[in-house]
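# A closer look at the structure
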Amino acid sequence: MSSPPVSAPPALEVTGLSHSFGRRKALDDVGFTIPQGRFTVLLGQNGAGKTTLFNLVTRLYSNRSGSIEIMGVDLRARPTVALAKLGVVFQLRTVDLDLSVKQNLLYHAGLHGLSRVQAQARIQAELDRLSLAERANDKVRQLSGGQVRRVEIARALLHKPRLLLLDEPTVGLDIGSRQTIVDHVRQLCATDGLGVLWATHLIDEVRADDAVILLHQGRVLAAGDGATLCAKAEVKDLGQAFTKLTEARAA
Amino acid sequence: MSASLAGDDRLALEQHGLAHYWRAARVIIGREALRFIHQRGRFIAALVRPLVWLFIFAAGFRSVLGVSIQPPYVTYVLYEVYITPGLCGMILLFAGMQSSLAMVYDREMGSMRVLLVSPLPRWYLLVCKLGAGVLVAVLQVYVFLAIAWFWEIQPPLIGYFTVLPALLIAGFMLGSLGLLLSSVIRQLENFAGVMNFVIFPMFFASSALYPLWRVRESSVLLWQLCWANPFSHAVELIRFALYGQIEPTALAVTVGCSLLFLAIAIFGYDPARGFMQIKRGS
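What counts and how
- Residues numbered from 1 in each chain as written.
- Chains lettered and ligands numbered in written order.
- Predicted model: local features only at pLDDT ≥ 70, side-chain atom pairs only at ≥ 80, totals over all residues.
- Heavy atoms only, no water.
- Pairing = 2+ DSSP bridges.
- Helix = DSSP H or I, 4+ residues; strand = E, 2+ residues; numbered from the N terminus.
- Axes fitted to C-alpha atoms, helices over the stretch in contact; angles between N-to-C directions.
- Contact = heavy atoms within 4.5 Å.
- 1 Å grid on protein atoms, 1.4 Å probe; cavity = no way out; pocket = protein on both sides within 12 Å on 5 of 7 lines; lining within 4 Å.
- Points joined across faces, edges and corners; volume = space filled by probe spheres on them.
- Nonpolar A, V, L, I, M, F, W, Y, C, P; charged D, E, K, R; others polar.
- Buried < 20%, exposed > 50% of the residue type's maximum accessible area, 1.4 Å probe, protein only.
- Parallel < 35°, antiparallel > 145°, perpendicular 65-115°, else oblique.
- Left-handed = near helix turned anticlockwise from the far one by under 90°.
- pLDDT = per-residue confidence, 0-100.
- Phe/Tyr/Trp six-rings, centres within 6.5 Å; stacked < 30°, edge-to-face > 60°.
- Lys NZ or Arg CZ within 6 Å of the ring centre and 35° of its normal.
- Salt bridge = Lys/Arg side-chain N within 4 Å of Asp/Glu carboxyl O.

So, about the sheet that holds strand β7 (residues 163–167) of chain A. Residue and element names in this part refer to chain A. Ordered by their spatial adjacency, 6 strands build an open sheet running β6-β7-β8-β3-β9-β10, and the pairing between neighbours is mixed. Looking at strand neighbours, the two that pair on one side only are β6 (86–89) and β10 (219–225), the edges of this open sheet. Neighbour to neighbour, the strand axes of the sheet diverge by 15° on average, direction disregarded. Where β6 lies against β7, 4 bridges are found, and the strand directions are parallel. Within the sheet, the bridge partner assigned to Leu86 lies in β7 and is Leu163. Where helix α6 (residues 175–192) meets the sheet, its contacts fall on β3 (39–43), β7 and β8 (195–200), and the angle it forms with β8 comes to roughly 155°.

Put into structure tokens, the structure is as follows:
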């Protein structure tokens with residue numbers, strides 16, 4: 001996949017976004033851009049505001065200030081058009097355990113307006129790609145944690161989104177499953193040109209060449225690739241940079 | 001990339017055509033039906049409850065509580081006959097609250113998010129979800145009526161057809177109430193309160209178990225409460241429709257309450273204004 005032309009809109013553009021729960025400010029003037037075809041890590045400790053940000057970008061909450069654009073479409077002004085370009089893997093498991101893999105995927109395909117024929121073809125393709133084709137008729141309850149996550153990724157890709165959001169998708173998975181999932185999503189950026197926002201608090205999921213947005217106490221503390229963050233913190237290791245930057249902020 | 005953008009536009013058009021609405025409705029209803037099939041216990045419980053009332057409660061009270069001639073009945077009727085429409089309402093009431101419980105559960109578990117993130121207007125998604133629950137509930141009512149037929153609760157045959165719109169409207173009202181409650185209930189644990197403060201008062205302070213004129217003889221205040229209870233009107237709508245008649249007041253109140261409850265529920269689920277906004281992590 002070649003890089004998108006300069007004129008192509010970013011997969012996600014967030015500008016001046018703030019959000020409060022009562023008096024507590026969960027997000028404060030957050031702004032960043034996720035280009036198409038790029039794996040971007042949203043790095044932050046628990047409680048940094050990652051889930052609130054996801055809830056705003058998926059329009060479970062509405063942004064009262066700032067703007068959110070998905071592929072150049074304003075989420076607030078044209079929510080249905082913007083959401084059609086978005087695929088999401090939530091932190092919580094959101095598949096129906098009593099339905100089969102295929103039934104879960106057909107449900108999602110219908111919600112996104114795919115015909116039965118289109119849905120069948122895409123389900124087959126996504127399950128093949130994720131090595132889950134032989135489990136299509138199994139109930140989700142019978143799958144391992146890693147397989148369920150892969151089903152959720154397949155589901156998020158069925159309607160061919162341009163932006164994929166994943167909220168701590170590897171939490172609770174073993175090392176092998178984690179690696180498989182991270183590798184697959186990175187592959188999607190390269191082959192499909194997807195813009196990916198991957199929220200995590202696990203430093204070992206970040207590669208040096210990834211774009212990183214460091215969110216801390218509801219604010220963007222730093223943004224850039226791993227090397228830029230290390231340079232900013234004047235350390236060699238991204239883990240150290242994370243600790244140093246967040247501690248400096250806390251102090 | 002321009003070709004890809006054109007593809008995106010085509011996809012958006014395709015996704016926002018009428019077919020998209022239809023496909024979404026179909027899968028939401030299909031999912032509710034599958035869920036229902038998988039939860040046989042729920043189906044049995046939904047039937048056993050009114051049947052216990054019919055076979056035991058009503059049989060026990062038939063000698064004490066014979067009901068004199070009153071519309072829509074043209075003769076004296078047995079107590080079992082009188083309470084059958086109320087028990088149909090009971091099925092719809094419990095189903096409405098059950099789907100409310102399911103929605104709170106779905107929200108806590110996350111699967112409600114999949115629905116709400118779909119690229120369709122939120123009101124439409126909620127109405128589909130509501131409609132799916134109502135269809136399943138109405139099916140349960142028909143199974144109940146079929147069993148009741150063998151218990152000699154035999155309204156005219158035409159009544160089985162004319163009661164359908166009444167059941168749909170009443171189911172819609174009670175489902176909307178459930179939807180409304182699901183938008184304001186913060187956690188699953190609070191659901192016990194719904195049982196105590198919504199289901200029981202609604203059912204007992206209504207015309208489901210006793211005619212309102214009898215209640216009036218006992219207490220005017222209680223009669224006023226029963227009359228103000230939308231569930232009474234839903235039951236009367238079903239009662240008259242089961243005998244091929246329309247009760248205009250009941251129809252107006254039930255339709256009006258459906259729209260009111262639905263409007264508040266949609267407000268509750270609106271990301272910009274609703275109650276979701278103030279519930280962190282909901």
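Before going further, it helps to examine the pairing of strand β2 (residues 24–34) of chain A. Residue and element names in this part refer to chain A. Note that strand β1 (residues 12–21) and β2 share 7 bridges and pair antiparallel. Residue pairing for β2: Ser20 is matched across the bridge by Lys25. What sits between β1 and β2 in their antiparallel hairpin is a turn of 2 residues, with Gly22 showing a positive phi close to 65°.

Moving on, we come to the layout of surface pockets. All names here are of chain B. In this model, the second largest pocket occupies a volume close to 290 Å³. The wall of the second largest pocket is formed by 16 residues, among which Ser207, Leu212, Trp223, Trp227 and Glu236 lie closest to the centre. Taken together, the elements giving at least two residues each to the lining of the second largest pocket come down to α9 (212–218), α10 (220–228) and α11 (230–241). The dominant element in the lining of the second largest pocket, judged by the number of residues it contributes, is α11, at 5 residues. For the lining of the second largest pocket, the class distribution of residues is 7 nonpolar, 5 polar and 4 charged.

For the rest of this paragraph, the subject is the pairing of strand β9 (residues 211–216) of chain A. All names here are of chain A. Counting buried positions along β9 yields 6 of 6 residues, so the element is predominantly enclosed. The two faces of β9 match: Ala211, Ile213 and Leu215 on one face and Val212, Leu214 and His216 on the other face are all buried. Here β3 runs beside β9; their pairing, made up of 4 bridges, is parallel. Each bridged residue has a counterpart across the sheet, and for Leu42 the counterpart in β9 is Ile213. In this structure, β9 lies alongside β10, joined through 6 bridges in antiparallel fashion. Considered in β10, the bridge of Ile213 is made with Ala223. Hairpin connection, β9 to β10: the antiparallel pair is bridged by 2 residues, and Gln217 has positive phi, about 50°.

What follows is about the packing of helix α2 (residues 18–38) of chain B against helix α6 (residues 122–150) of chain B. Residue and element names in this part refer to chain B. Orientation of α2 relative to α6, taken along the N-to-C sense of each, is 40°, at an axis distance of 9 Å. Here α2 lies oblique to α6, going by the angle between them. As α2 packs across α6, the resulting crossing turns out to be right-handed. Side by side, α2 and α6 meet where Tyr21, Trp22, Ala25, Ile28, Ile29, Arg31, Glu32, Ala33, Arg35 and Phe36 of the first sit next to Tyr124, Leu125, Cys128, Lys129, Ala132, Gly133, Leu135, Val136 and Gln140 of the second. Residue composition of the contact of α2 with α6, grouped by class: 13 nonpolar, 2 polar and 4 charged.

A few words now on the sheet that holds β2(A). All names here are of chain A. Strand order in the open sheet formed by 4 strands is β2-β1-β4-β5, with antiparallel pairing between adjacent strands. Single-partner strands in this sheet number two, and they are β2 and β5 (73–74). Bridge analysis of β1 against strand β4 (residues 67–70) gives 4 bridges, and the strand direction is antiparallel. From the neighbouring strand, Glu13 faces β4, where its bridge partner is Glu69. Its contacts with the sheet put helix α1 (residues 50–57) on β1, β2 and β4, and the angle it makes with β1 is roughly 115°.

All names here are of chain B. Inspection of the secondary structure assignment puts Cys88 in helix α4 (residues 79–109). On the basis of relative accessibility, which here comes to 1%, the residue Cys88 falls in the buried class. Residues Cys88 and Gln140, spaced 52 residues apart in sequence, show a C-alpha to C-alpha distance of 8.8 Å. With sequence-adjacent residues up to four places away left out, Cys88 is seen in contact with Val141, Phe144, Leu145, Leu167 and Ile238.

Turning our attention to the confidence of the model for chain A. In the predicted model, chain A carries a mean pLDDT of 86, and the fraction of residues at 70 or more is 96%. By mean pLDDT, the top-scoring element of chain A is β4(A) (94), and the lowest-scoring one is helix α8 (residues 238–250) of chain A (74).

A separate point is the packing of aromatic side chains. Considering all chains together, one arrives at 13 aromatic pairs over all chains under this definition. With centroids separated by 5.7 Å and ring planes inclined at 75°, the aromatic side chains of Phe21(A) and Tyr61(A) adopt a geometry described as edge-to-face. Separated by 40 residues along the polypeptide, Phe21(A) in strand β1 and Tyr61(A) in the loop between α1 and β4 bring together distant segments of the chain. For the pair formed by Phe21(A) and Tyr61(A), the shared burial category is buried. Relative to Phe231(B), the ring of Phe203(B) has its centre 6.1 Å away and its plane inclined at 55°; by these criteria the two rings are tilted. With Phe203(B) in helix α8 (residues 191–204) and Phe231(B) in helix α11, the pair connects residues that are 28 residues apart, well separated along the chain. Each member of the pair, Phe203(B) as well as Phe231(B), carries the same accessibility label: buried. If you follow Arg186(A) out to its NZ or CZ, it ends over the ring of Phe39(A), 4.2 Å from the centre.

Attention now moves to the pattern of salt bridges. The tally for this structure, following the rule as stated, stands at 16 salt bridges over all chains. With a shortest N-O distance of 3.2 Å, Asp96(A) and Arg31(B) are connected by a salt bridge. Placement of the pair is Asp96(A) in the loop between β6 and α3 (101–111) and Arg31(B) in helix α2, with the two residues belonging to separate chains. With respect to class, Asp96(A) is no different from Arg31(B); both count as buried. Of the charged contacts in the structure, one is a salt bridge between Glu126(A) and Arg129(A), with a shortest N-O distance of 3.1 Å. Taken together, the residues span about one helical turn, with Glu126(A) and Arg129(A) both in helix α4 (residues 116–129) at a distance of 3 residues. The exposure class assigned to Glu126(A) is buried, which follows from its relative accessible area of 7%. Exposure remark for Arg129(A): the relative accessible area of 35% places this residue in the partly exposed category.

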